[in-house]
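Chain by chain, the residues run as shown.
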Amino acid sequence: MDFTIRPSKPEDCKDIARLIMELAEYEKMADQVKISHEELKRDGFCQNPFYECLIAEVPERHKTKDGQVKVGFALFFYTYSTWKGRCVYLEDLYVMPELRGKGIGKALMCSVAKVGKEQHCARMQLAVLDWNTPSMDFYIAKGAQDLTQSEGWHFLRFDGAALDKLAEEAPKN
């Protein structure tokens, strides 16, 4: 199947938002999505972008049943390891269900890895829901390590009131 992987542009943000919602529905967490295409545009296409995104696009002749040609995305950003240095974090990787199994997801993931290597990143990290065995199997087959099993790492999050409380407790300089 013909498809291209390319960096996103500001005009892709409505499609990125659509794909994010499709992913959230698959993950059974659609109610948690609060971001808009305007915020994606603001945060991804400013002087110091908070993220980068790659788009998987098919030609018109391969468009989906509902007429989409932007059929997948990989959203990522850079982090820093005090042990390893530069890292790339793959926040989301998604391909529309009707186009899975055609190499698009692999192409997106490999393209993020390539960008990371070009930026001298030592590793690529991501999180997978514990019930999402198709994705877990996909990543493991490509060489990913399950750090929860091998090293005992757990990813933690502060948000909402917990984040507000932490920020309020910061020293007042």
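This structure is a prediction, so every number in the text was calculated from the model and none was measured.

Caption draft 1: Local environment of the overall build of the chain. For the chain, the count of helices and strands is 6 helices and 5 strands. Helices (α) and strands (β) of the chain occur, in sequence order from the N terminus, as β-α-α-β-β-β-α-β-α-α-α. Its C-alpha radius of gyration of 17 Å places the chain within 12% of the 16 Å reference for a compact globule of 173 residues. Sorting the 173 residues of the chain into buried and exposed places 32% on the buried side. Once local pairs closer than 6 in sequence are excluded, the contacts in the chain between residues at least 24 apart make up 60%. Of the roughly 11,600 Å² that the chain leaves accessible, carbon and sulfur atoms contribute 53%. The chain carries 24 positive and 27 negative side-chain charges, and their two centres are separated by 5 Å.

Caption draft 2: Examining the layout of surface pockets more closely. When its volume is computed, the second largest pocket comes out at roughly 210 Å³. Lining the second largest pocket we find 14 residues, and of these Arg-6, Pro-7, Cys-53, Leu-54 and Val-115 sit closest to its centre. Counting residues per element, the ones that place at least two in the lining of the second largest pocket are β1 (4–7), β2 (52–57) and α3 (104–118). Looking at the lining of the second largest pocket, its residues break down into 8 nonpolar, 3 polar and 3 charged.

Caption draft 3: Inspection of helix α1 (residues 13–26) at higher detail. Between its terminal C-alpha atoms α1 stretches 20 Å, which fits the 20 Å expected from 14 residues at 1.5 Å a residue. Along α1, the positions that sit buried rather than exposed are Cys-13, Asp-15, Ile-16, Arg-18, Leu-19, Ile-20, Glu-22, Leu-23 and Ala-24. Buried residues along α1 sit against α2 (37–44), β2, β3 (70–81) and β4 (85–95). Count one or two residues on from α1 and you reach Lys-28, which has phi positive near 60°.

Caption draft 4: Structural detail: the packing of aromatic side chains. Using the criterion set out here, one finds 4 aromatic pairs in the structure. Seen in terms of ring centroids, Tyr-26 and Trp-131 are 5.7 Å apart; in terms of plane orientation they differ by 55°. Their pairing is tilted. Placement of Tyr-26 in helix α1 and of Trp-131 in the loop between β5 (123–125) and α4 (133–141) is noted, with a sequence separation of 105 residues between them. You can call Tyr-26 partly exposed: its relative accessible area is 31%. A relative accessible area of 34% means that Trp-131 is categorised as partly exposed.

Caption draft 5: Broad picture of the pairing of β3. As paired elements, β2 and β3 share 6 bridges and run antiparallel to each other. Along β3, the bridge assignment pairs Glu-57 with Lys-70. The turn linking β3 back onto β4 is made up of 3 residues.

What counts and how
- Residues numbered from 1 in each chain as written.
- Predicted model: local features only at pLDDT ≥ 70, side-chain atom pairs only at ≥ 80, totals over all residues.
- Heavy atoms only, no water.
- Helix = DSSP H or I, 4+ residues; strand = E, 2+ residues; numbered from the N terminus.
- Rg over C-alpha atoms; globule rule 2.2 N^0.38 Å.
- Buried < 20%, exposed > 50% of the residue type's maximum accessible area, 1.4 Å probe, protein only.
- Contact = heavy atoms within 4.5 Å.
- Areas by Shrake-Rupley, 256 points an atom, 1.4 Å probe, with all protein chains shown as cover.
- Lys, Arg positive; Asp, Glu negative; His and termini not counted.
- Charge placed at Lys NZ, Arg CZ, Asp CG, Glu CD.
- 1 Å grid on protein atoms, 1.4 Å probe; cavity = no way out; pocket = protein on both sides within 12 Å on 5 of 7 lines; lining within 4 Å.
- Points joined across faces, edges and corners; volume = space filled by probe spheres on them.
- Nonpolar A, V, L, I, M, F, W, Y, C, P; charged D, E, K, R; others polar.
- Expected span 1.5 Å × (residues − 1).
- Phe/Tyr/Trp six-rings, centres within 6.5 Å; stacked < 30°, edge-to-face > 60°.
- Pairing = 2+ DSSP bridges.

Nothing here speaks to function; it is all geometry.
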